[in-house]
Amino acid sequence: MPRRNLMSWSVLISGSARLGALSEAFALFSDMLRGAGWGNWDRPDSFVLGALAAGCAHARGIAAGVQVHACAVKFGVDEDESVAAALVDMYAKCGRVDSSWRAFTLAPQRSVVSWTSMIACLVNHGSSGYRDTALVLFKKMLVLKVWPTNATFSCILKVLDVPEAGMQVHGCLLKMGTEVDTALGSALMTMYGRCGGVDEIARLACRIRHDSVSRTSLLGAYARNGYNVEAVGVFREMRTENMAIDQAAMTSLLQVCSSMGRLRMAREVHCYALKTFFKLDTLLLNATITVYSRCGDITGAEMVFNLMGKKDIISWTALLTGYAQNGFAREVLLFFREMLRRGLGSPVFCITGVLRACSTTTNLAAGLQIHSRALKLGIDDDTSVENALITLYASCGSVQIAWKIFNSMSNRGIISWNSLLTSFSQHGNEVAAIQLFDMMQEAGVCPDDFTFAGLLSSCSRMGHVTQGCVYFKLMKEKYNLEPKMVHYTCMVDLFARAGRFSDAMDLIDAMPCEPDEIVWEALLASCKVHGNVELGRIAARKILEIRPEDPSPYIILSSIHASVDMWDEKAWNRIVFDTQRARKDAASSWIGAQELSENIFDTFQVGVT
């Protein structure tokens, strides 16, 4: 161009900045300023500086953005509505919440873009305090009649996790006549997925035009709420329609595999992800570790963990939790020690996992050290940690300490009550277990399956048949809980211990499902106590049909025959026992756990008072 005016420079600078060529845009801007100094044209206007601020926001260039802000103030365009909105957005995307808030509050006129950028900054920061401020700003927008756009609604929906609040915002956008496009529909489905509004998700899914983003949101919402079949159906539709499948969709699909306990399906999803993506991100790999652990394939979880290039604290916690869930108590302790040696933090999930391992091995010495660490980290008052501590001390026989922790809790959930009730039942304090159930009812805590399992077990040990029958009926009639195998086992044990074998057999015959070996073992144990040979033979035969390799029926049946002086039958059982080459399992002891606790936690030795 032989002659360039302000418009020529502005168009070129704006185009370069908005397309991401920030260095070229600033080089042109410097040339423009030199020309303005020679008096060839006017100084830069709001169009140029707004474009430069947008370019800095896109490139996350905070240093250059501050210089643009200074130029805007120097040339007197910082109060322009578009420039102010661009500055708010620039600071927000660069993570400078305070600077973004300052630019927002100092702007004399705030457009809906400024409000949306400020709300997005507060929402994406992640702090709960900032998210509350975002909600306040959204309400103030409505009061000042600054009407939100689709982008505003999409931002504010990210912080809503209560169904009522979500439905209010949904109703607000419908009342304003806002068109629910694909992006806004995806945000609504994600919000309802967090809040459990599956019916609303299904209605939205039928009304919007879908793309890969909306399908991914729908898949994640179904997976989060346990609608596994529907989630798999969405994934199949995405493949049928040749939609782009990202790693977020694969992560949601792995969550479905985890909740369904389908190891083969999890392996198929993992293989599909490896085939589709050049490199799996950390979030997807963490989900893969979790699903392998929950499906019982701890070897697969270890393999994924060892092959990860970049491990975060969630990766370590996922594998540690997997060890704890699968009963690898020693591996939990060794793995936790390795975490400490590497200087990694100790999240709540890690602490609860290690405490669970100590409970499994009744390793009180190691448990005391973990309790000390929880106190040092200031997380001893976390509800999940307190529940794990109750279980630990109760499993190790320190019921008084468990009771003390329970009394000190400010937020007692059903897990807290069940942990203490089970500990009372297991350590011979059945009266306290029943009294604790009465306290639960007075406190308005609704019992669950584990509560009644502990109650029925206590009644069985005490011989309170009538009271046990009352609790068994109470499950269905008052709390609408279907009895499971563990409850039927307790009731069979209750009747059999009291010598009421006919009632026990009637209950077995009335069971809606086939009784497992534990039910027959409970019956066989009571037959040994009461010398009931005929019923003992039936129970032993049923156990051997289910588990032919189990030697215990032969042993118990021999004891029953010996107790009633049936020596020929006892000898015959011994012959069968030797013919089957069955052997009693060797006894084991947890004495080695003390040595482990002394070596595992050599990185921190702190006493508990």
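Just so it is clear, the structure is predicted and the values come from calculations on it, not from any experiment.

Novice: Help me out: how do you make sense of the UniProt feature "signal peptide" (unreviewed entry) in the chain in this one?
Specialist: When the UniProt feature table is mapped to this numbering, "signal peptide" (unreviewed entry) covers residues 1-21. Taken end to end, residues 1-21 is 62% helix and 0% strand, and its first and last C-alpha atoms sit 21 Å apart.

Novice: Please clarify how the pattern of salt bridges should be interpreted in this entry.
Specialist: Two side chains bearing opposite charge may form a pair once their charged atoms approach each other closely. Taken as a whole and assessed by the stated rule, the structure comprises eleven salt bridges. One salt bridge in this structure joins Asp89 and Lys93, with 3.4 Å as the shortest N-O distance. Here Asp89 pairs with Lys93, and both are found in helix H5 (residues 81-93), just four residues apart, close to one helical turn. Salt bridges sharing common partners tie together Arg215, Glu237 and Glu241.

Novice: Help me understand the nonpolar core, please; the structure alone is not making it clear to me.
Specialist: In summary, soluble globular proteins display a tendency toward joint burial of nonpolar side chains. Grouped together as the largest cluster of nonpolar side chains are 180 residues, with contacts concentrated most on Leu49, Leu52, Ile119, Phe336 and Leu523. Broken down by element, the residue count for this core peaks at eight residues, all from helix H29 (residues 485-497). Leave out the neighbours within four places in its chain, and Leu523 touches Val492, Ala496, Phe501, Ala504, Met505, Ile508, Leu535 and Ala539.

Novice: Quick question: what am I supposed to make of the UniProt feature "repeat: PPR" (unreviewed entry) in the chain here?
Specialist: Here the UniProt feature "repeat: PPR" (unreviewed entry) sits at residues 5-35, 211-245, 312-346 and 413-447. When the span residues 413-447 is considered, its composition is 77% helix and 0% strand, and the gap between its end C-alpha atoms is 10 Å.

Novice: In this structure, what is going on with helix H22 (residues 364-377)? I would like to understand it.
Specialist: For the α-helix, the turn length of 3.6 residues means that residues three or four positions removed from each other point alike. In this model H22 runs 20 Å from its N-terminal to its C-terminal C-alpha over 14 residues, within 8% of the 20 Å that 1.5 Å per residue would give. For H22, every residue scored as buried is listed here: Ala366, Gly367, Gln369, Ile370, His371, Ser372, Arg373 and Ala374. Within two residues after H22, Gly378 carries a phi angle of roughly 75°, on the positive side.

Novice: How do you make sense of the packing of aromatic side chains when you look at a structure like this?
Specialist: Remark: the centre distance and the inter-plane angle together describe each pair of aromatic rings, the angle taken between the planes. Overall, the coordinates contain 17 aromatic pairs when judged by the stated rule. The interplanar angle of 65° and the centroid separation of 6.3 Å between the aromatic rings of Tyr323 and Phe328 together place this pair among those described as edge-to-face. Pairing Trp403 with Phe424 gives two aromatic rings, centres 6.1 Å apart and planes at 45°, and the pair type is tilted. Of the two residues, Trp403 is situated in helix H24 (residues 399-408) and Phe424 in helix H25 (residues 414-426); the sequence distance between them amounts to 21 residues. Among the aromatic residues, those joined into a cluster by ring pairs are Phe305, Trp316, Tyr323, Phe328 and Phe335. In this structure, Lys311 is placed above the aromatic ring of Phe305, and the distance from its NZ or CZ to the ring centre is 5.1 Å. The aromatic ring of Phe406 is capped on one face by Arg412, whose charged end is 4.5 Å from the ring centroid.

The rules behind these values
- Residues numbered from 1 in each chain as written.
- Predicted model: local features only at pLDDT ≥ 70, side-chain atom pairs only at ≥ 80, totals over all residues.
- Heavy atoms only, no water.
- UniProt positions renumbered as here; feature names shortened; annotations may be inferred.
- Helix = DSSP H or I, 4+ residues; strand = E, 2+ residues; numbered from the N terminus.
- Salt bridge = Lys/Arg side-chain N within 4 Å of Asp/Glu carboxyl O.
- Core = buried A, V, L, I, M, F, W, Y, C linked by side-chain atoms within 4.5 Å.
- Buried < 20%, exposed > 50% of the residue type's maximum accessible area, 1.4 Å probe, protein only.
- Contact = heavy atoms within 4.5 Å.
- Expected span 1.5 Å × (residues − 1).
- Phe/Tyr/Trp six-rings, centres within 6.5 Å; stacked < 30°, edge-to-face > 60°.
- Lys NZ or Arg CZ within 6 Å of the ring centre and 35° of its normal.

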